[in-house]
Amino acid sequence: MDRLHSVLSAHPTTPQSPVQSTKPAYALISVHGDPATELGKEGAGGQNLYVRSLGIALAKRGCQVDLFTRREDPKQAAIVELAPGCRTIRLDAGPARFIPRTELFGYLPEFVEAWLAFVQHSGQAYELLHTNYWLSGWVGLQLKARLGLPQVHTFHSIGAVKYGATDRLALIAQTRLEVEQRCLEQADCVIATSPQEAITLRQLVSRNGQIRVIPCGTNVQHFASVSKALARKQLKLTPDTRMILYVGRFDRRKGIETLVEACAKLPYPFQLYLVGGSRSHGSDANEQARIRAIVQALGLEAVTVFTGPISQAQLPTYYAAANVCVVPSYYEPFGLVAIEAMAAGTPVIASNVGGLRHSIIHNETGVLVPPCNDEHLAAAIADVFADPERWQLLAEAGQQRVQSHFSVSAVAAQVHQLYQCVAPLSSLKSAV
Ligand code: UDP
């Protein structure tokens, strides 16, 4: 009862009578990836954007979409309307502060109870749960067991890839592997964001369970909205400045170290822009400090710009201004940054790993290089500067590939179709 009271007071505007709507209603759950928060900082990247842009696009298709996440700050609003028909709902589960995802598991039962209390109070019924990352997957498995709701799950990251062949796993890592196996086997359908991710799930997680490949999508018009000339003027770059761009979180898996080492092998002049990273403490700040030390040791301070997090509104300017965008990840289930740069018409060099092998067709829509190899990466970047005509053609082909395969509206249409198969409207609203 206490739990219910705290949720009621956290959602004072929530209606108490059952919601009568003919719209299909879907609950997307992203416990650690708040869809309404600033991106680029620790724990806030592709998953947040995936959930937000999918939610908004589904709402445009006439669905009611609620995106559930955990409150990380007492000052955060309980409900944020992102677009008509799409809202972020922050539930109280554990202390209202940032908690690294490795420490969140113990708070998940509270999240389940908070979700049930919200649903009971608001009267909102959902046809389906779409869970994101293994933590939300666990929440979804509990709700599925208790309410019989269908569950669709997207992994975003796979524990078995992260831990590799490590023998001695921490307890939380073992828990994660078990939960991921249950998600694949028990969810009604898992969305793999690339064919490569589907293969990895089959090889490393389970041979059972349904998988459907639906890529991530991006707002193509948004990332193509700034001209190169204007972007370079806004960033105060002279016409002959060669700009090399990285965008993303500061995480070892992202391979920023390899990019910095590759840049140390390039002839001047060039500018290396490292976009993203929070200004606070935590693993993200530690990785940023480590990269700064490498930049310093290699004598690249004068040519390296650490921008900090840049908003989605400002990012098109950075992509458009860059001569090349590098995605040097050691593993990437999908890799939104690659398709955002391609949408902007900027040449992309990416590691030949995971979903990057799907979005980029080598030597047709960009170039793939072996991960963790600064020599190869340096040679590929040098080629961009040596042969701009060839790279212009690659960039144009990349832009066309994003338009035809990765627009957020086309991706949302596929997800919506999947929801309708998994939860036909007739099964509606009986569960809660
Ligand atoms: N991003 C951003 N601002 C930043 C850094 C990153 O908005 O300062 C966004 C970027 O545009 C992309 C997402 O964060 O949409 C990162 O997604 P990606 O799939 O590349 O990596 P993930 O974070 O999922 O590992």
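In this text, all values refer to a predicted model and were calculated from it rather than measured experimentally.

1. Observations regarding the side chain of Thr154
And step 1. Here Thr154 is to be found in strand S6 (residues 151-154).
And step 2. You can call Thr154 buried: its relative accessible area is 0%.
And step 3. Looking at Thr154, its side chain comes within polar contact range of the side chain of Tyr50, at 3.2 Å.
And step 4. Leaving out residues up to four positions away in the same chain, Thr154 has contacts with Tyr50, His130, Thr131, Asn132, Tyr133, Ile191 and Thr193.

2. Concerning the confidence of the model for the protein chain
And step 1. Predicted confidence across the protein chain gives a mean pLDDT of 91, with 92% of residues reaching 70 or more.
And step 2. Note that residues 1-18 has pLDDT below 50 and, in this model, 31 contacts with residues that lie over four places away or in other chains.
And step 3. Overall, residues 426-432 carries pLDDT values under 50, and its contacts beyond four positions in sequence, including any with other chains, amount to 11 contacts.

3. Quick look at the packing of helix H15 (residues 374-386) against helix H16 (residues 388-405)
And step 1. Where H15 meets H16, the axes come as close as 6 Å, and the angle between the chain directions of the two elements is 105°. Relative to H16, H15 is oriented roughly perpendicular. Taken together, the residues of H16 that come into contact with H15 (itself represented by Ala380, Asp383, Val384, Phe385 and Ala386) are Pro388, Arg390 and Trp391.
And step 2. For the contact of H15 with H16, the residue count by class is 6 nonpolar, no polar and 2 charged.

4. Quick look at the environment of Val190
And step 1. Among the secondary structure elements, Val190 is positioned in strand S7 (residues 189-192).
And step 2. By relative accessible area, Val190 is classed as buried at 0%.
And step 3. Considered as a pair, Val190 and His153 are 37 residues apart in the sequence and their alpha carbons are 4.7 Å apart.
And step 4. Leaving out residues up to four positions away in the same chain, Val190 has contacts with His153, Phe155, Cys183, Leu184, Leu201, Gln210, Ile211 and Arg212.

5. Details of the site of the ligand
And step 1. With respect to spatial proximity, 22 residues lie near the ligand, and among them Arg249, Lys254, Ile310, Gln312 and Glu340 are the closest.
And step 2. A distance of 2.9 Å separates an oxygen atom of the ligand from a polar atom in the backbone of Gly46.
And step 3. In the model, an oxygen atom of the ligand is placed 2.5 Å from a nitrogen or oxygen of the Glu340 side chain.
And step 4. Alone, the ligand offers 550 Å² of accessible surface; in the complex the protein occludes 93% of this.
And step 5. For the shell around the ligand, the secondary-structure elements that each account for two or more residues are helix H2 (46-60), helix H12 (315-321) and helix H13 (336-343).

6. A short note on the sheet that holds strand S11 (residues 304-308)
And step 1. Taken in spatial order, the 6 strands make up an open sheet running S11-S10-S9-S12-S13-S14, and their pairing is parallel. Because the sheet does not close on itself, it has two edges, and the strands there are S11 and strand S14 (367-369). Averaged over all pairs of adjacent strands, the angle between their axes in this sheet comes to 20°, without regard to strand direction.
And step 2. Where strand S10 (residues 271-275) and S11 come together, 4 bridges link them in parallel fashion. Residue pairing across strands places Tyr273 opposite Val305, the latter belonging to S11.

7. Quick look at the packing of aromatic side chains
And step 1. Considering all chains together, one arrives at 14 aromatic pairs under this definition.
And step 2. Geometrically, the ring pair formed by Phe334 and Phe406 is edge-to-face, given 5.8 Å between the ring centres and 70° between the ring planes. A residue pair is termed long-range when its members are at least 10 positions apart, and Phe334 in the loop between strand S12 (324-327) and H13 and Phe406 in the loop between H16 and helix H17 (408-422) qualify at 72 residues.
And step 3. Using a relative accessible area of 4% as the deciding quantity, one classes Phe334 as buried.
And step 4. Taken together, the ring pairs in this structure connect Phe68, Trp115, Phe118 and Tyr126 into an aromatic cluster.

The rules we used
- Residues numbered from 1 in each chain as written.
- Predicted model: local features only at pLDDT ≥ 70, side-chain atom pairs only at ≥ 80, totals over all residues.
- Heavy atoms only, no water.
- Helix = DSSP H or I, 4+ residues; strand = E, 2+ residues; numbered from the N terminus.
- Buried < 20%, exposed > 50% of the residue type's maximum accessible area, 1.4 Å probe, protein only.
- Polar contact = N/O pair within 3.5 Å; in protein donor to acceptor, adjacent residues only side chain to side chain.
- Contact = heavy atoms within 4.5 Å.
- pLDDT = per-residue confidence, 0-100.
- Axes fitted to C-alpha atoms, helices over the stretch in contact; angles between N-to-C directions.
- Parallel < 35°, antiparallel > 145°, perpendicular 65-115°, else oblique.
- Nonpolar A, V, L, I, M, F, W, Y, C, P; charged D, E, K, R; others polar.
- Near = heavy atom within 4 Å.
- Areas by Shrake-Rupley, 256 points an atom, 1.4 Å probe, with all protein chains shown as cover.
- Pairing = 2+ DSSP bridges.
- Phe/Tyr/Trp six-rings, centres within 6.5 Å; stacked < 30°, edge-to-face > 60°.

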